[in-house]
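# Structural overview for review
Chain by chain, the residues:
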Amino acid sequence: MLRPWGKNCHPKERLGNQLLRAAVVLAQELDKLEVGWAWEQPSQSFLWQVQDLISPLHSGPFYQTTFDWCRYGRKWRKRTTVIGRFPFLAEFNALCRGGHEHLVLDGGLWDQTESE
Ligand SMILES: [Zn+2]
């Protein structure tokens, strides 16, 4: 059984859930002010499974994109989804075409040759 909220027993899990609730409130307040917003999370994030919380965000103009970072020059794939109020988000859809290696992101691994 999928439990996107987790078991509510780990401090980091509780903090993550609190931050998610706060982000929803913030997005709703930005909607009232007609100010755009966007959320970015890995595509495999449990965030996308919490439909009861994020479904109200679908009430306004809603755009979504999914892309792999390797398509934008990074050495890692990290499939990422962004949702928000910006129509141009759909222009960033770009999934890996294969044919190259990916750097595996693992916790604190950081390639110092990459510039932010
Ligand atoms: Zn790739």
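Provided above is the structure to which this section pertains.
The following paragraphs examine the structure supplied in this document. (Residues numbered from 1 in each chain as written. Predicted model: local features only at pLDDT ≥ 70, side-chain atom pairs only at ≥ 80, totals over all residues.)

Turning our attention to the overall build of the chain. Scanning the chain from N- to C-terminus turns up two helices and three strands. Across the 116 residues in the chain, those meeting the buried criterion constitute 5%. For the chain, the proportion of contacts with a sequence separation of at least 24, taken over those separated by at least 6, is 69%. (Helix = DSSP H or I, 4+ residues; strand = E, 2+ residues; numbered from the N terminus. Buried ≥ 20, exposed ≤ 12 C-beta atoms within 10 Å, placed from the backbone. Contact = placed C-beta atoms within 7 Å.)

What follows concerns the sheet that holds strand E2 (residues 63-67). Spatially, the three strands line up as an open sheet ordered E1-E3-E2, and their pairing is antiparallel. Because the sheet does not close on itself, it has two edges, and the strands there are strand E1 (38-42) and E2. Mean inter-strand twist for the sheet, computed between neighbouring axes without regard to direction, equals 15°. Across five bridges, E2 lies against strand E3 (residues 80-84) in antiparallel orientation. Considered in E3, the bridge of Tyr63 is made with Gly84. (Pairing = 2+ DSSP bridges. Axes fitted to C-alpha atoms, helices over the stretch in contact; angles between N-to-C directions.)

Here the focus is unusual backbone geometry. Even without a glycine there, the phi angle at Glu34 is positive, about 55°. By the element assignment, Glu34 lies in the loop between helix H1 (11-32) and E1. The residue Lys78 is not glycine, and still its phi comes out positive at about 30°. Accessibility expressed as a C-beta count within 10 Å gives 16 for Lys78, which makes it partly exposed.

Below, the discussion takes up H1. With 22 residues, H1 extends 32 Å from end C-alpha to end C-alpha; this agrees with the ideal 32 Å at 1.5 Å per step. Burial runs low along H1: only two of the 22 residues are buried. At the exit of H1 stands Glu34, carrying a positive phi of roughly 55°. (Expected span 1.5 Å × (residues − 1).)

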